[in-house]
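Descriptive analysis of the structure
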Amino acid sequence: MSILAPGTPVPEFTLKREDRSDFTREDLLGHTTVLVFYPFAFSPVCTDQLQIYEEALEDFAAQGAILYGVSTDAGWSQKAFREKLGVSFEQLSDFEPKGEAARAFGAYFEPGGMTNRALVIVGPDGVVRWSHLADSPGDLPGVGLIFDGLAASTVG
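Heads up: these notes are all about the structure in this document. (Residues numbered from 1 in each chain as written. Predicted model: local features only at pLDDT ≥ 70, side-chain atom pairs only at ≥ 80, totals over all residues. Heavy atoms only, no water.)

**Overview of the overall build of the chain**
Looking only at helices and strands, the chain has five helices and nine strands in total. Its helices and strands in sequence order give the chain the pattern β-β-β-α-α-β-α-β-α-β-β-β-β-α, from N to C terminus. Against the globule reference of 15 Å for 156 residues, the chain gives a C-alpha radius of gyration of 14 Å, in line with a compact fold. A principal-axis box enclosing the C-alpha atoms of the chain has dimensions of 40 × 30 × 30 Å. Per-residue burial over the chain gives 51% buried out of 156 residues. Residue pairs in contact within the chain that sit at least 24 positions apart in sequence constitute 64% of those at least 6 positions apart. Counting only carbon and sulfur atoms, one obtains 54% of the accessible surface of the chain, whose full area is about 7,100 Å². Taking the average place of the 11 positive charges on the side chains of the chain and the average place of its 22 negative ones, the gap between the two points comes to 5 Å. (Helix = DSSP H or I, 4+ residues; strand = E, 2+ residues; numbered from the N terminus. Rg over C-alpha atoms; globule rule 2.2 N^0.38 Å. Buried < 20%, exposed > 50% of the residue type's maximum accessible area, 1.4 Å probe, protein only. Contact = heavy atoms within 4.5 Å. Areas by Shrake-Rupley, 256 points an atom, 1.4 Å probe, with all protein chains shown as cover. Lys, Arg positive; Asp, Glu negative; His and termini not counted. Charge placed at Lys NZ, Arg CZ, Asp CG, Glu CD.)

And the structure:
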């Protein structure tokens, strides 16, 4: 399966917030959302990625975009990771059933049993506007890629 293509309605899914409440497709409606799929909390590339994105949060917000991190880590691990890094954007757990949402988005790395590194921009209508799947989980999609995706998602 490949990453959801632009123009594709987001499928039904359930992720868990830090407080264990559900985050679903309905939470995407009404605003532009950037879902940042990453493999593992506390891994070197993921650490760099989330810190870089944190530095650009105000710029994303100025473009009307809200970021969420998504991994197959348990919520308590994501919370510790977020707090250790000083990252303020919300982390969503795809822990159980493991990778179910990532699979629905085409962002699961089956050989590693983890979320792949991917970006999905969803419009206020719940339709994918732009998406990117890294060539490998070790590739870090720079912050400029999100800005390019946001620009592309508003064209037309």
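**Focus on empty space enclosed by the protein**
Counted under the stated rule, the structure contains one cavity of 30 Å³ or more. Its boundaries defined by the atoms lining it, the largest cavity holds a volume of some 30 Å³. For the largest cavity, the full set of lining residues is Arg17, Glu18, Gly75, Gln78, Lys79, Arg82 and Gln91. For the lining of the largest cavity, the class distribution of residues is no nonpolar, three polar and four charged. (1 Å grid on protein atoms, 1.4 Å probe; cavity = no way out; pocket = protein on both sides within 12 Å on 5 of 7 lines; lining within 4 Å. Points joined across faces, edges and corners; volume = space filled by probe spheres on them. Nonpolar A, V, L, I, M, F, W, Y, C, P; charged D, E, K, R; others polar.)

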